[in-house]
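Architecture at a glance
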4 protein chains.
Amino acid sequence: METETMIQDEAIAKNEKKLKALQEKLNILWEDILKSSLLINHIMQGKIDKKLFALYMFETYHYTFHNARNQALVGVVGKKLPVQYMKFCFVHAEEETGHELMALHDIRELGVDVAKQVIPEPLMNTETLIAYLYWISATGNPIQRLGYSFWAENCYGFINPVISKVKDTLKLKDTQLTFFIAHSNIDEEHALEVQNMILKFAQTDEDWNAIEKVMTTSLKLQGKLLDGVYEEYTRLIKGEDSRYNFLKSLN
Amino acid sequence: METETMIQDEAIAKNEKKLKALQEKLNILWEDILKSSLLINHIMQGKIDKKLFALYMFETYHYTFHNARNQALVGVVGKKLPVQYMKFCFVHAEEETGHELMALHDIRELGVDVAKQVIPEPLMNTETLIAYLYWISATGNPIQRLGYSFWAENCYGFINPVISKVKDTLKLKDTQLTFFIAHSNIDEEHALEVQNMILKFAQTDEDWNAIEKVMTTSLKLQGKLLDGVYEEYTRLIKGEDSRYNFLKSLN
Amino acid sequence: METETMIQDEAIAKNEKKLKALQEKLNILWEDILKSSLLINHIMQGKIDKKLFALYMFETYHYTFHNARNQALVGVVGKKLPVQYMKFCFVHAEEETGHELMALHDIRELGVDVAKQVIPEPLMNTETLIAYLYWISATGNPIQRLGYSFWAENCYGFINPVISKVKDTLKLKDTQLTFFIAHSNIDEEHALEVQNMILKFAQTDEDWNAIEKVMTTSLKLQGKLLDGVYEEYTRLIKGEDSRYNFLKSLN
Amino acid sequence: METETMIQDEAIAKNEKKLKALQEKLNILWEDILKSSLLINHIMQGKIDKKLFALYMFETYHYTFHNARNQALVGVVGKKLPVQYMKFCFVHAEEETGHELMALHDIRELGVDVAKQVIPEPLMNTETLIAYLYWISATGNPIQRLGYSFWAENCYGFINPVISKVKDTLKLKDTQLTFFIAHSNIDEEHALEVQNMILKFAQTDEDWNAIEKVMTTSLKLQGKLLDGVYEEYTRLIKGEDSRYNFLKSLN
């Protein structure tokens, strides 16, 4: 019994090292995005306007709409999941349910009459992210989606300065930024649970590779989503044809 | 505002009548099953043995294995679900997760070495029930699966006498009947939530018809499952070829 | 090389024996259905009317609608299928595509204005068959659906006398029975292909068991479908509440 | 009748204009890829080696493996497809079945012992393309996947010079380039069928937009796939850690 515990502790200690390495890779990925993203640089220079923020929140609405669904899908398709991990999938799905409505709320706070407006279809890069998240939830290593949660629930250290800048520039209150504020509170606890799941259930090199692959790919696709938002905004500002033309009058 | 509340109350009062009618149809279905089921009659005559109970619990294991999964599937595929109902799907899925392990536990308590035994594939009628539950979770009216939950979470009034008889006949303790005992406790609360969901979200005749259809069909298929168990047991007892031959020595 | 051929021939000879045994089991299943089915006895006594035939064809429409889809699904989900079998799945799916329209055509020939009529939802037993066919196409042994095709493409020996009786009783021409006439021509070739697939790709006992299981279950569910049709017809004739009330005036 | 035909002709004439516009957009997309792709420029400069070509063919193997499957999926999930289009989906799926084996054949011809080698998992950009193709096949406008086929079956005008360069540089025979040679023959006919499907079934602006969206996105993702191949090759050549290290000795 004692030996068993020791071995398990050893295994967890080993996994903690791997988790640290994962976090370090994540830091590098984030730094790269923060440095190279035209959207984030635009924001940090205090140049964001309501049009751009609304456009960004619409795209956020789109992928957030699917997060609970693809999270639960992991539990639906996995036929040999540990009970604890399967429960995590459903609990986590339940907690994410409806979060896209916060995005709509915040858009409404900017002065967009969401009820009257048909929400435009997601941009290409947004749809690619959505497609990828369903794909890695429905197929492959059943714990790999933790790689997405690992950064998504744990991103506030990186994006809080960006949100603060948005808040200052657009003079928004916390109640007008519910998507980010509420998330950053909820997600702190989530982040710990996600780490706990990884420490417990990532046992083989394949597991760790799959988690890292999904972390890297989904974060890069999120970076592309930001690029797509900025491109579309540029089109809008230049007066080119855009599905977001209805935001033109927003000031 | 006041008018709105009144209308809503009226609507709920109307739905409560419909729910009562649903319950009455359910009572009739149950009475029919209790009267005509050879398995239940065999049990109530005090003739159950460990072989039969183990065989029944293996089949219970099979469909229970899928309950959390097809419950969550409702939330995954529904693209226009009310947030509260979608959350219910995932919460309920989480609560059902792993319940099949209780069935295995109770089989082990009967003296079957489950770890050493390859669990036989589900019988035909069991598989038909499983297939149907995925089908009505993945397609059709998104609230229709409540018709299954309506009887499944609410069946203890009907089956408690049967379980008691099993308990007495086989001289089992509560700790050897965890599947039924634990469920009957958990499910009391579930039953109320299910009724609450129906009262709130069944709005059209189509909704009520879909719920009733799934209630009726899934309970009849459950009845067939019992028939299938009894047939297989008869085969086993007669010394005919059976996938459950390994239970022969169980006394 | 020579030895290899011989072994292969031996294997095929062995499989031909198994196929013969499968056919014998099928014969017994069919005899049982032909003997015990109230619907078939009703027909063979020359008592069928247009109402009953239309009702039956609507239910036939329903499950036929899904046949091409669940057949193709086998090729979509199987990740390790032999190329030849995967091609068979798609070719066969293509050939089944649109056959439900023949059922509608024949209903129209009976004098039902299908265009004006909302087609009622499938009866319980019809839906159970549909659900089962998707289930065994999406999960389990990837060649097991051949067990369904084995009887479905090969049923005309058994049901031709029944169709003849329908034709005589209702004084229908071949052009008013396109579903059965066309099928019986097309399916002859299909039947041979299905047998060829089984002979080639059923290699283990598991394969043969899975094919037999699906053959038996789907044919029994088809028998239940016939029972469901007859029950609904009885309800209709007795003036009880029926989704097929619109057929009442059909004479 | 005459008027009807005229209207239909008018409609087809209108669609032919739209198809021409689609083709023009496609030309621009291709030109952009041909100009900016590091991989294609590398090839056109006569610098490709067997390592790079094998690496590219492995990634080609990966997405080609899924083409028949996601093509058939369109026919499986669409509940209101025109019969002719549904048949097209299955016929086309059947024709694509097993094409990934041609890629493996050509890799073998380069001297790689594929049988002994575990095929590495797809690169990130390859997996993103695969995920996207399943996504747009399973959801959204049921004819949108034609946008992918429109360029994929019709790409030989653009890539033949590239293939010729590969052939010359690596001194390959046609029998060592079966994937491209066979495809370019088969696909000519496919291309016409795809155009025919678009002309016939693209009826609304939504249809045309959906087709264009999928054409553009999937071709851009294919461009990214090429980028991913080149990056991985660069890593391999530089002696960095690569899943394709086993190709190092290939000369």
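Residues numbered from 1 in each chain as written. Chains lettered and ligands numbered in written order. Predicted model: local features only at pLDDT ≥ 70, side-chain atom pairs only at ≥ 80, totals over all residues. Heavy atoms only, no water.

**Digging into the overall build of chain A**
For clarity, the cut-off: Helix and strand definitions here come from DSSP, where helices need a minimum of 4 consecutive H or I residues and strands a minimum of 2 consecutive E residues; each element is numbered from the N-terminal end. Our radius of gyration is a C-alpha quantity, and the globule rule it is checked against amounts to 2.2 Å times the number of residues to the power 0.38. Each residue is placed in one exposure class: buried if its accessible area under a 1.4 Å probe, protein chains only, is under 20% of its type's maximum, exposed if it is over 50%, and partly exposed if it falls in between. Contacts are assigned to residue pairs with any non-hydrogen atoms lying within 4.5 Å of each other. The Shrake-Rupley method, run with a 1.4 Å probe sphere, supplies the accessible areas, and residue values consider only the shown protein chains as cover.
Counting secondary structure elements, chain A contains ten helices and zero strands. Shown N-terminal to C-terminal, the secondary structure of chain A runs as helices and strands in the order α-α-α-α-α-α-α-α-α-α. For 251 residues, the compact-globule formula gives about 18 Å, and the C-alpha radius of gyration of chain A, at 19 Å, lands near that figure. Once the C-alpha set of chain A is aligned to its principal axes, its extents read approximately 70 × 35 × 30 Å. Taken across its 251 residues, chain A has 56% of its residues classed as buried. Pairs at least 24 apart in sequence give 83% of the contacts found in chain A among residues at least 6 apart. Entry remark: accessible area of chain A is about 11300 Å², with carbon and sulfur atoms responsible for 54%.

**Some remarks on the relation of the copies chain C and chain B**
The cut-off we apply is this: Superposition of the copies was done by least squares, using only C-alpha atoms of residues whose pLDDT is at least 70 in both.
When chain C is fitted to chain B, the residual RMSD is 0.0 Å, and the transformation amounts to a turn of 180° plus an axial shift of 0.0 Å. Look at the turn and shift together and you get a two-fold axis relating the two. In terms of proximity to the rotation axis, the leading residue of chain C is C:Ala131, whose C-alpha is 2.8 Å off the axis. Most of the interface of chain C is mirrored in chain B, where 100% of its interface residues are also at the interface.

**Re the interface of chain C and chain B**
Under the convention used in this document: Two parts lose some accessible area (1.4 Å probe) when they are put together, and adding that loss for both gives the buried area. The rule for a salt bridge is simple: a side-chain nitrogen of Lys or Arg has to be within 4 Å of a carboxyl oxygen of Asp or Glu.
With 17 residues of chain C at the interface, the matching set in chain B holds 17 residues. Overall, the association of chain C and chain B removes approximately 1400 Å² of surface from exposure, summing both partners, and the carbon and sulfur fraction of that is 68%. Taken as a group, C:Met124, C:Glu127 and C:Trp135 account for 43% of the area that chain C buries against chain B, more than any other trio of residues on that side. Summed over the shared surface of chain C and chain B, the number is two salt bridges.

**Quick look at the interface of chain A and chain B**
Our working rule: Side-chain classes follow a simple rule in which Ala, Val, Leu, Ile, Met, Phe, Trp, Tyr, Cys and Pro form the nonpolar group, Asp, Glu, Lys and Arg form the charged group, and the remainder, Gly included, forms the polar group.
Taken together, the contact between chain A and chain B spans 20 residues of the former and 21 residues of the latter. Across the chain A to chain B interface the summed buried area is about 1800 Å²; carbon plus sulfur atoms make up 72%. By the criterion of area lost to chain B, the three top residues of chain A are A:Arg69, A:Phe90 and A:Thr97, representing 31% of everything that side buries. Here chain A and chain B share two salt bridges between them. Between A:Lys87 and B:Glu94 there is a salt bridge, with its nearest N and O atoms 3.2 Å apart. Along the lines of polarity and charge, the residues of the side of chain A that touches chain B split into twelve nonpolar, four polar and four charged.

**Description of the environment of D:Leu236**
Residue and element names in this part refer to chain D. Within the secondary structure, Leu236 is located in helix α10 (residues 205-237). Taking C-alpha positions, Leu236 is 8.9 Å from Lys51, a pair spaced 185 residues apart along the chain. Excluding anything up to four places from it in sequence, Leu236 contacts Lys51, Leu55, Ser242, Tyr244, Asn245, Leu247 and Lys248.

**Description of the side chain of B:Ser149**
Within the fold, B:Ser149 resides in helix α7 (residues 146-152). Apart from residues no more than four positions distant in its own chain, B:Ser149 is found in contact with B:Gln71, B:His92, B:Asn154 and B:Val194.

**Focus: the packing of aromatic side chains**
Operational definition: Only the six-membered ring of Trp is used, alongside the rings of Phe and Tyr, when aromatic pairs are assigned; centres must lie within 6.5 Å, and planes under 30 degrees apart are stacked while those over 60 apart are edge-to-face, with the rest tilted. Here, a charge over a ring is recorded when the distance from Lys NZ or Arg CZ to the ring centre is within 6 Å and its angle to the ring normal is within 35 degrees.
All told, the structure shown has 52 aromatic pairs over all chains when counted by the stated rule. Centre to centre, the rings of B:Trp30 and B:Trp151 are 6.0 Å apart; their planes meet at 80°, and the pair counts as edge-to-face. You can see B:Trp30 sitting in helix α1 (residues 2-36) and its partner B:Trp151 sitting in helix α7, a full 121 residues away along the chain. Since its relative accessible area comes to 4%, B:Trp151 is described here as buried. Grouped by ring-pair contacts, the aromatic residues A:Trp30, A:Tyr148, A:Trp151 and A:Phe158 constitute a single cluster. Across the ring face of D:Phe65, the terminal group of D:Arg69 is positioned such that the distance to the ring centre comes to 4.1 Å.

**Focus on a positive patch on the surface**
In plain terms, the rule: The patches described consist of residues with a relative accessible area above 30% and no salt bridge, like charges being joined within 9 Å and nonpolar side chains (Val, Leu, Ile, Met, Phe, Trp, Tyr) within 5 Å. A residue counts as positive if it is Lys or Arg and as negative if it is Asp or Glu; His and the chain ends are not included. Charged side chains are reduced to one point each, which is NZ for Lys, CZ for Arg, CG for Asp and CD for Glu.
There is a patch of like positive charges on the surface, built from A:Lys220, A:Lys224, D:Lys220 and D:Lys224. Broken down by secondary-structure element, the contributors of at least two residues to the positive patch are α10 (205-237) of chain A together with α10 of chain D. Counting through the fold element by element, A:Lys220 comes out in helix α10.

**Some remarks on the pattern of salt bridges**
All names here are of chain A. Taken as a whole and assessed by the stated rule, the structure comprises 32 salt bridges over all chains. Close ionic contact of Glu212 with Lys25 constitutes a salt bridge, the shortest N to O distance being 3.1 Å. With a gap of 187 residues between them, Glu212 in helix α10 and Lys25 in helix α1 (residues 2-36) connect regions that are remote in the sequence. For Lys25, a relative accessible area of 41% gives the class partly exposed.

**Quick word on the packing of helix α6 (residues 124-138) of chain B against helix α10 (residues 205-237) of chain C**
For any two helices packed against each other, the geometry comes down to the angle between their axes and how far apart the axes lie. The test is simple: Under this scheme, a helix contributes an axis fitted over its contacting stretch, all axes are lines through C-alpha atoms, and angles between N-to-C directions fall in the 0 to 180 degree range. Put simply, angles under 35 degrees are roughly parallel, angles over 145 are roughly antiparallel, angles from 65 to 115 are roughly perpendicular, and the rest are oblique.
Remark: α6(B) packs on α10(C), axes separated minimally by 11 Å, with the N-to-C direction vectors making an angle of 70°. Taken together, α6(B) and α10(C) sit at an angle that is classed as roughly perpendicular. In this structure, α6(B) uses B:Met124, B:Glu127 and B:Thr128 to contact α10(C), whose residues at the interface are C:Lys213, C:Thr216, C:Thr217, C:Lys220 and C:Leu221. Within the contact of α6(B) with α10(C), the residues separate by chemical class into two nonpolar, three polar and three charged.

**Some remarks on the packing of helix α4 (residues 83-96) of chain A against helix α4 (residues 83-96) of chain B**
Counted only if it meets this: Rotating anticlockwise by less than a right angle from the far helix to the near helix defines a left-handed crossing, while the corresponding clockwise rotation defines a right-handed one.
In the contact formed by α4(A) and α4(B), the axes pass within 8 Å of each other and the chain directions differ by 160°. Here α4(A) lies roughly antiparallel to α4(B), going by the angle between them. Between α4(A) and α4(B) lies a crossing of left-handed hand. The residues of α4(B) that touch α4(A), namely those facing A:Lys87, A:Phe90, A:Val91, A:Ala93 and A:Glu94, are B:Lys87, B:Phe90, B:Val91, B:Ala93 and B:Glu94. Grouping the amino acids of the contact of α4(A) with α4(B) by side-chain chemistry returns six nonpolar, no polar and four charged.

**Examining the environment of C:Leu236**
Residue C:Leu236 is classed as buried on the basis of its relative accessible area, which comes to 2%. Along the sequence, C:Leu236 and C:Trp208 sit 28 residues apart, while their C-alpha atoms lie 42 Å from each other.

**Points about helix α10 (residues 205-237) of chain B**
Using the following cut-off: Expected span of a helix: the number of residues minus one, times 1.5 Å.
In this model, α10(B) (33 residues) spans 48 Å end to end at C-alpha, consistent with the 48 Å of a helix rising 1.5 Å per residue. Following α10(B) by one or two positions, B:Gly239 adopts a phi angle in the positive range, close to 80°.

**Considerations on the arrangement of the chains**
Taking C-alpha atoms only, the smallest gap left between chain A and chain C, which are not in contact, amounts to 11 Å. Between chain B and chain D there is no contact, and the shortest C-alpha to C-alpha distance separating them is 11 Å.

**Focus on α4(A)**
Residues and elements named next belong to chain A. Taking 1.5 Å of rise per residue, 14 residues should cover 20 Å, and α4 covers 20 Å from first to last C-alpha, within 8% of that figure. Those residues of α4 that fall on the buried side of the exposure criterion are Tyr85, Met86, Phe88, Cys89, Phe90, His92, Ala93, Glu94 and Glu96. Looking at the residues trailing α4, positive phi occurs at Gly98, about 85°.

**Observations concerning the confidence of the model for chain A**
Rules: How sure the predictor is of each residue is captured by pLDDT, a score from 0 to 100.
Per-residue pLDDT for chain A has a mean of 94; in total, 97% of the residues score no lower than 70. This complex was scored by the predictor with a pTM of 0.95 and an ipTM of 0.94.

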